[in-house]
Amino acid sequence: TPLLTFEVLTASLFICLLNLALPIFVIQLLNRYVSHGFEGTLYTLTSGVLMAILLQYGFRVIRTALLARMNEGPARVLPQEVLQNIAAARFGAVAALPREQLAEVMTDIQKVQAGWEPANLIPLIDIPFVLLYLAALALLSPLLALIALIGTTAGLAAGAWSLAGNNQLAKRLAEMFTAYRAREIKALHAAETLRAFNGAEYLAAFRKEKQDLLSRLRERLACRREQGASLMSSLGSLQSVLMYSVGAVLVVLGDLNVGILIGANILASRAFQSVAQLFRSVHLFRQGEQSRQTLDKLAALPKEKKEGIALRQYAGRLQLQDVAFRYAGGSGPLYESLSLSLEPGRILVVTGGNGTGKTTLARQLAGLLDCSRGEILADEINLRQLAMPWWRRQLIYLPQEPDFLLATIRDNICLDGPLEEARLNQVVRAAGLRE
């Protein structure tokens, strides 16, 4: 959005220019009013700086509104697109993903949104205008401007060092916590198993071991963050000490006056604060970009085909011709060379032990999984050519582990579309749901 970007940068420039009002006010107040005591000078200067403050407030509000418009993609469009892409992806592609990755989808969306929030983008936008503060300072005193430049550069280096170390520790902590949480969630869902087989002691020992590791890593990360924050604070204080010490010498020598010294320190502090605020924004923005890359991979999952052939009338004939299936990464096919012809009205029962492919075959017939080899025909038409929404309406398929959406019973029954009230009541009575 080039036009919006230009408008945001223009508003930021005005905000930074109006930031110069306070040091100018201090310099003029100390040099003119304090020296001469003329009340008109005080009123004029105070009115001017108040106008500048009000104008700056207005530009800040405008900039935030512009950034909110730029943020419409991450804030509104991204969640809809990501979740819709996952819902529309092939079942096999989604089933192959680790559960932890799917559980993190909403967290990843929130991280992208946090990185692109106006409050987080503002320090990134303001950082180039640090040069404006330093240039204004150079007009007042080149020597003090040099001190501020050195302090600002040291702050940039310290922030970059702190951010790099924090990111490494945070990444390790996140990976360890994700692995721990996956096992913990599974254990919490296995409440019956834990009690029936006395698994509480095993779980307690596992928890203690992992929690100790996580606690030590959290302590290291907290110490590292505190070191970085303390270093930035110390550098800011050191800059102020040097500014006042060198400035006091210049005042005594007659090369500077007190008003300019205080105004110069305000400008130097503004520059350093911009640098100090930068790295928190960089951290959140980088987190958001990493999450965006993860979401982009999910968005690239192969989609289930909505278009295709929809027969006016399906007779019910089903044929399997040399069908085989193998899971990605498997040592060999789960089954192969499977051929049969099922005429309308016939019944076929498939039996076998655990892991022999009964559920996989049912998923293939429902169009949830593709054949590794061969083809499945419905009334002589390959399943790959059929429109899947139409094909699913020709089947009664019960998943091995059926789930309900967190919605009303009516919504769950009517997922594929609304039912007439009489038909809905018939379904409710047949399923014993009336009570």
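The structure under discussion appears in the preceding block.
Fair warning: this is a prediction, and the values are worked out from it, not measured in the lab. (Residues numbered from 1 in each chain as written. Predicted model: local features only at pLDDT ≥ 70, side-chain atom pairs only at ≥ 80, totals over all residues. Heavy atoms only, no water.)

Student: How do you make sense of the overall build of the protein chain when you look at a structure like this?
Tutor: Looking only at helices and strands, the protein chain has 17 helices and four strands in total. Compactness check: the protein chain gives a C-alpha radius of gyration of 33 Å against a globular reference of 22 Å for 435 residues, more than 25% above the reference. Considering only C-alpha atoms, the protein chain reaches an extent of 110 × 55 × 45 Å along its principal axes. Counting every atom, the protein chain has about 26,800 Å² of accessible surface; 61% of that belongs to carbon and sulfur. Once the 44 positive and 36 negative side-chain charges of the protein chain are each reduced to a mean point, those two points are 2 Å apart. (Helix = DSSP H or I, 4+ residues; strand = E, 2+ residues; numbered from the N terminus. Rg over C-alpha atoms; globule rule 2.2 N^0.38 Å. Areas by Shrake-Rupley, 256 points an atom, 1.4 Å probe, with all protein chains shown as cover. Lys, Arg positive; Asp, Glu negative; His and termini not counted. Charge placed at Lys NZ, Arg CZ, Asp CG, Glu CD.)

Student: Any chance you could explain the pattern of salt bridges here in plain terms?
Tutor: Oppositely charged side chains can pair when the atoms bearing their charge come close. All chains considered together, the criterion is met by 13 salt bridges. One salt bridge in this structure joins R317 and E343, with 3.1 Å as the shortest N-O distance. Note that R317 is positioned in the loop between α13 (258-299) and β1 (318-325) and E343 in the loop between β2 (335-342) and α14 (358-365), a separation of 26 residues in sequence. In this structure R317 comes out as partly exposed when scored by relative accessible area, which is 26%. Residue classification places E343 among the partly exposed residues on the basis of a relative accessible area of 32%. R317 is the partner of D379 in a salt bridge, and the nearest nitrogen-oxygen pair spans 3.8 Å. Of this pair, D379 sits in the loop between β3 (373-378) and β4 (381-382) while R317 sits in the loop between α13 and β1, and the two are 62 residues apart along the sequence. (Salt bridge = Lys/Arg side-chain N within 4 Å of Asp/Glu carboxyl O. Buried < 20%, exposed > 50% of the residue type's maximum accessible area, 1.4 Å probe, protein only.)

Student: I'm lost on the side chain of R90 in this one. Help?
Tutor: Among the secondary structure elements, R90 is positioned in the loop between α4 (72-88) and α5 (91-95). Residue R90 is classed as buried on the basis of its relative accessible area of 13%. A polar atom in the side chain of R90 sits 3.4 Å from the backbone oxygen of G367. Within the structure, the side chain of R90 is placed 2.7 Å from the side chain of D370, a separation counted as a polar contact. Excluding residues that lie within four positions of it along the chain, R90 makes contacts with P302, K303, E304, G367, L368, L369 and D370. (Polar contact = N/O pair within 3.5 Å; in protein donor to acceptor, adjacent residues only side chain to side chain. Contact = heavy atoms within 4.5 Å.)

Student: Looking at this structure, how should I read α14?
Tutor: Each α-helix turn comprises 3.6 residues. Residues three or four places apart therefore point the same way. If you check which residues of α14 are buried, you get T360, L361 and Q364. Looking straight down α14, one finds its buried side chains confined to an arc of 100 degrees; they lie on one side. Structurally, α14 contributes buried residues whose contacts are with β1, β2 and β3. Positive phi appears at G367, one or two residues downstream of α14, with a value of about 80 degrees. (Arc of directions from axis to C-beta.)

Student: What is the right way to look at the packing of helix α10 (residues 142-189) against helix α12 (residues 200-253) in this model?
Tutor: Axes are the key here: two packed helices are described by the angle between their axes and the distance separating the axes. Packing of α10 against α12 leaves a shortest axis separation of 10 Å and a crossing angle of 170 degrees. In terms of orientation, α10 lies roughly antiparallel with respect to α12. Classifying every residue of the contact of α10 with α12 by side-chain character gives 29 nonpolar, 12 polar and nine charged. (Axes fitted to C-alpha atoms, helices over the stretch in contact; angles between N-to-C directions. Parallel < 35°, antiparallel > 145°, perpendicular 65-115°, else oblique. Nonpolar A, V, L, I, M, F, W, Y, C, P; charged D, E, K, R; others polar.)

Student: Where do I start with the sheet that holds β2 in this structure?
Tutor: Strand pairing in a sheet relies on backbone hydrogen bonds. The paired strands run either parallel or antiparallel. Strands sit in the order β2-β1-β3-β4 across an open sheet of four strands; the sheet is antiparallel. With one partner strand each, in any of the chains shown, β2 and β4 form the two edges of the open sheet. Pairing between β1 and β2: five bridges, direction antiparallel. Among the inter-strand pairings, L318 is bridged to a residue of β2, identified as L342. Seen against the sheet, α14 touches β1, β2 and β3 and runs at an angle of roughly 125 degrees to β1. (Pairing = 2+ DSSP bridges.)

Student: How do you make sense of the layout of surface pockets when you look at a structure like this?
Tutor: Picture a little ball the size of a water molecule; that probe, rolled over the atoms, points out where space is still empty. By volume, the second largest pocket is sized at about 910 Å³. K111, K171, A174, E175 and Q290 are the residues nearest the centre of the second largest pocket, which is lined by 23 residues in total. Every element with two or more residues in the lining of the second largest pocket is listed here: α6 (99-103), α7 (105-115), α10, α12 and α13. Counting residues per element, the lining of the second largest pocket draws most heavily on α10, which supplies nine residues. Its residues placed into classes, the lining of the second largest pocket shows five nonpolar, nine polar and nine charged. (1 Å grid on protein atoms, 1.4 Å probe; cavity = no way out; pocket = protein on both sides within 12 Å on 5 of 7 lines; lining within 4 Å. Points joined across faces, edges and corners; volume = space filled by probe spheres on them.)

Student: Would you explain a nonpolar patch on the surface in this entry?
Tutor: Side chains of L143, L146, L149 and I150 sit close together on the surface and give an oily, nonpolar patch of about 360 Å² of accessible area. On the secondary structure map, I150 appears in helix α10. (Patch = residues over 30% accessible without salt bridge, like charges linked within 9 Å, V, L, I, M, F, W, Y side chains within 5 Å.)

Student: What's the story with the environment of V323 in this structure? I'm lost.
Tutor: Along the polypeptide, V323 turns up in strand β1. Sequence-wise, V323 and E375 are 52 residues apart; in three dimensions their C-alpha atoms are separated by 5.9 Å. Once residues within four sequence positions are removed from consideration, V323 is found in contact with Y335, E336, S337, L338, Q364, C371, R373, G374, E375 and I376.

Student: Explain the packing of helix α3 (residues 39-70) against helix α8 (residues 118-126) to me, please; I cannot follow it from the model alone.
Tutor: Where α3 meets α8, the axes come as close as 10 Å, and the angle between the chain directions of the two elements is 110 degrees. Taken as axis vectors, α3 and α8 run roughly perpendicular relative to one another. Of α8, the residues touching α3 (which contributes R63, T64, L67 and A68) are P118, L121, I122, I125 and D126.

None of this, on its own, says anything about what the molecule does.
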